[in-house]
Amino acid sequence: MNFKKTIVSLIFLLTVSALAPVQAQQYQISLLTCDPGEEIYSSFGHSGIRVIELSTGRDVVYNYGTFDFGAPNFVLNFAGGRLDYYLSVSTFDRFIAEYDYFKRSVREQVLSLNEQQKLELIRFLETNYLPENRAYRYDFFFDNCATRVRDAVSTVLGDQLIWDDEVREPVDKTFRELIDEMVYYMTWSDLGIDLALGSRLDRDATPLEEQFLPKYVEGAFSRAMIQGDGPTRPLVEKNRTILNFEKTEGSFGAINPYWIFWVVAIIFTGITFFGFKKKKLFVGFDIAFFGILGIIGIVISLLWIGSEIQSTKYNWNILWAFPGHLILAFTLFKKTIKPWVLKYLLFALIMADAAVVFWILGWQSFHPSLIPLLLVLILRTNYLYYNIGKFKRVV
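Residues numbered from 1 in each chain as written. Predicted model: local features only at pLDDT ≥ 70, side-chain atom pairs only at ≥ 80, totals over all residues. Heavy atoms only, no water.

**Student:** What is the right way to read the overall build of the protein from this model?
**Tutor:** Tallying secondary structure elements over the protein gives 13 helices and 12 strands in all. For the protein, with 395 residues in total, the buried portion stands at 45%. Put simply, 77% of the contacts in the protein that link residues at least 6 apart link residues at least 24 apart. (Helix = DSSP H or I, 4+ residues; strand = E, 2+ residues; numbered from the N terminus. Buried < 20%, exposed > 50% of the residue type's maximum accessible area, 1.4 Å probe, protein only. Contact = heavy atoms within 4.5 Å.)

**Student:** Whenever I open this one, the pattern of salt bridges confuses me. Can you help?
**Tutor:** Between side chains of opposite charge, a pair can form when the charged atoms approach closely. Scanning the entire structure with this criterion turns up 18 salt bridges. Its salt-bridge partner being Glu308, residue Arg82 comes within 3.9 Å of it at the nearest N-O pair. Here Arg82, found in the loop between α2 (74-79) and β4 (84-91), pairs with Glu308, found in the loop between α10 (283-306) and α11 (324-331); they are 226 residues apart in sequence, far enough to count as distant. Glu308 gets classed as partly exposed once you look at its relative accessible area, which sits at 43%. Each of the salt bridges in this network shares a partner with another, and the network as a whole consists of Asp35, Arg107, Glu218 and Lys247. (Salt bridge = Lys/Arg side-chain N within 4 Å of Asp/Glu carboxyl O.)

**Student:** How should I be thinking about the sheet that holds β4 in this particular structure?
**Tutor:** Judged by pairing direction, the sheet is antiparallel, and its seven strands sit side by side in the order β6-β4-β3-β2-β1-β5-β10 without closing on themselves. Only two strands of the sheet have a single neighbouring strand rather than two, namely β6 (135-137) and β10 (236-243). Across this sheet, the average inter-strand angle for adjacent strands is 25°, counted without regard to direction. Where strand β1 (residues 27-34) meets strand β5 (residues 106-111), five bridges bridge the pair, whose relative direction is antiparallel. Its bridge partner lying in β5, Cys34 is registered against Val106. Along the sheet, helix α4 (residues 115-128) makes contact with β1, β2 (46-53), β3 (58-66) and β4, crossing β1 at roughly 60°. (Pairing = 2+ DSSP bridges. Axes fitted to C-alpha atoms, helices over the stretch in contact; angles between N-to-C directions.)

**Student:** What exactly am I supposed to notice about the state of the cysteines here?
**Tutor:** Note: disulfide means a covalent bond formed between the sulfur atoms of two cysteine side chains. Counting across every chain of the model gives zero disulfides. Not engaged in a disulfide, the cysteine Cys34 finds its nearest cysteine sulfur in Cys145; these two sulfurs lie 8.6 Å apart. Exposure remark for Cys145: the relative accessible area of 11% places this residue in the buried category. (Disulfide = S-S within 2.5 Å.)

**Student:** Even after reading the chapter, I still don't get the sheet that holds strand β8 (residues 225-226), so can you show me in this structure?
**Tutor:** Neighbouring strands of a sheet are bound in pairs by backbone hydrogen bonds; such pairs are parallel or else antiparallel. A sheet is described by the order of its strands in space; here three strands give the open sequence β7-β8-β9, paired in antiparallel fashion. The outermost strands of the open sheet, each flanked by one partner alone, are β7 (161-162) and β9 (233-234). Where β8 meets β9, two bridges bridge the pair, whose relative direction is antiparallel. Paired with Met225 across the strands is Pro234, a residue of β9.

**Student:** Explain α11 here, please?
**Tutor:** Because each turn of an α-helix spans 3.6 residues, side chains separated by three or four positions end up pointing in the same direction. Regarding α11, the residues found buried are Gly324, His325, Leu328, Ala329 and Thr331. Along the axis of α11, the buried residues cluster in a sector spanning 165°; they form a single face. Away from its buried face, by an angle of more than 90 degrees, α11 presents the exposed residues Ile327 and Phe330. Buried residues in α11 make contact with α10, α12 (340-361) and α13 (371-387). (Arc of directions from axis to C-beta.)

**Student:** I keep staring at unusual backbone geometry and nothing clicks. Help me out?
**Tutor:** Apart from glycine, the bulk of residues carry a negative phi angle, and the bulk of peptide bonds sit in the trans form. A positive phi is found at Lys279, a non-glycine position, where the angle reads about 55°. Take Lys279: it is sitting in the loop between α9 (257-278) and β11 (280-282). Since its relative accessible area comes to 52%, Lys279 is described here as exposed. In this structure, Tyr314 takes a positive phi of about 50° despite not being glycine. Summarising the element assignment, Tyr314 is placed in the loop between α10 and α11. Among the residues examined, Tyr314 registers a relative accessible area of 40% and is labelled partly exposed.

**Student:** Which parts of the structure should I look at to understand the packing of aromatic side chains?
**Tutor:** The geometry of an aromatic ring pair comes down to the distance between the two centres and the angle between the two planes. Evaluation of the coordinates by the stated rule reveals 33 aromatic pairs. With 6.3 Å between their ring centres and 55° between their planes, Tyr85 and Tyr136 make a pair best called tilted. Pair noted here: Tyr85 is in strand β4 and Tyr136 is in strand β6, with a separation of 51 residues, a long-range link. Residue Tyr85 is classed as buried on the basis of its relative accessible area of 9%. A ring pair is formed by Trp316 and Phe358, whose centres lie 5.6 Å apart and whose planes are at 70°; its orientation type is edge-to-face. Taken together, the residues Trp316 in the loop between α10 and α11 and Phe358 in helix α12 connect sequence positions 42 residues apart. For Phe358, a relative accessible area of 17% corresponds to the buried category. Here a set of aromatic residues connected by ring pairs shows up, and it is made of Tyr41, Tyr64, Phe67, Tyr85, Tyr136 and Tyr138. The ring of Tyr129 has Arg134 sitting right over it, with the charged end atom 4.1 Å from the ring centre. The aromatic ring of Tyr136 is capped on one face by Arg148, whose charged end is 4.0 Å from the ring centroid. (Phe/Tyr/Trp six-rings, centres within 6.5 Å; stacked < 30°, edge-to-face > 60°. Lys NZ or Arg CZ within 6 Å of the ring centre and 35° of its normal.)

Written out as structure tokens, the structure reads:
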């Protein structure tokens, strides 16, 4: 009787051990890469992990790019670097329907993981999806939907994963240049990003750091290899296109900062020339100009000092958009000009010249549309400095 029980137990154990790899082989895991959308929050693309359980047909997508627009103080938390993103899980059909609706292409790279690696990756994702783990502090450059996907695969494979970056085409682009690739034609958004982000972005990104953008994760996965569990093999087993929409050529749009700022520069040049001929200072224009620059400077200062986002630090846009310009704007309203105004105008002129030097030396790259505004700033500070006590002021 004991002998029969032993035989039955052995058969049971052998059956379970034989079924384990079969069960693991029923999973297919893929990287999904989604093309950029037309809104600023979707303009950089998206990455997700697709898991198919072939035996049951269960087909889900793990999505690290979920956030809540309706969360309290959403804008302030986003600007302050205190916004949490979440790992969410949805069916593949529901996930893909959104991209189909917005006409955004989606590509799939099936990963050539072995049975154990698949199970470990699923376990890793499910652990991340626990209520106490699913939220994470979002960082656009170093901790986002794309880097989280990359890190999940990298954590599971460890030293077995080889990023074969030597075979890639040389990029040698700064973080700012990588952003510009995605939002170049969204001129106002591109300007806003360049105003908000500081000089730390003006260094070349390493191949690993480039992967904050989903398209670079896709490229890195296509080159990566797995070693140490048999013959070395590519990380990506096969590629397929799930949605394919024709990309439209971008355009600056009719109203963009490039021509608008040049119009502003022409107007101020004309005002300066006419005022010099008439020996008048049309300070009403200066009040508006310096007031706007001062407000921008306050925003830059708050992002520098009050935000947890490291990329908003050391922002040398503050050299030309200085908070003190707002005080100057209010002072120009008054009938009498205080002696300190001349000193401040000289200070503002030096700061504007320093901004040009910083730009030329590559310490920080400013948005190209700002060239005419810098010229206006230098022109008007010069003009006011030499003539504010001589010419009649007209508001």
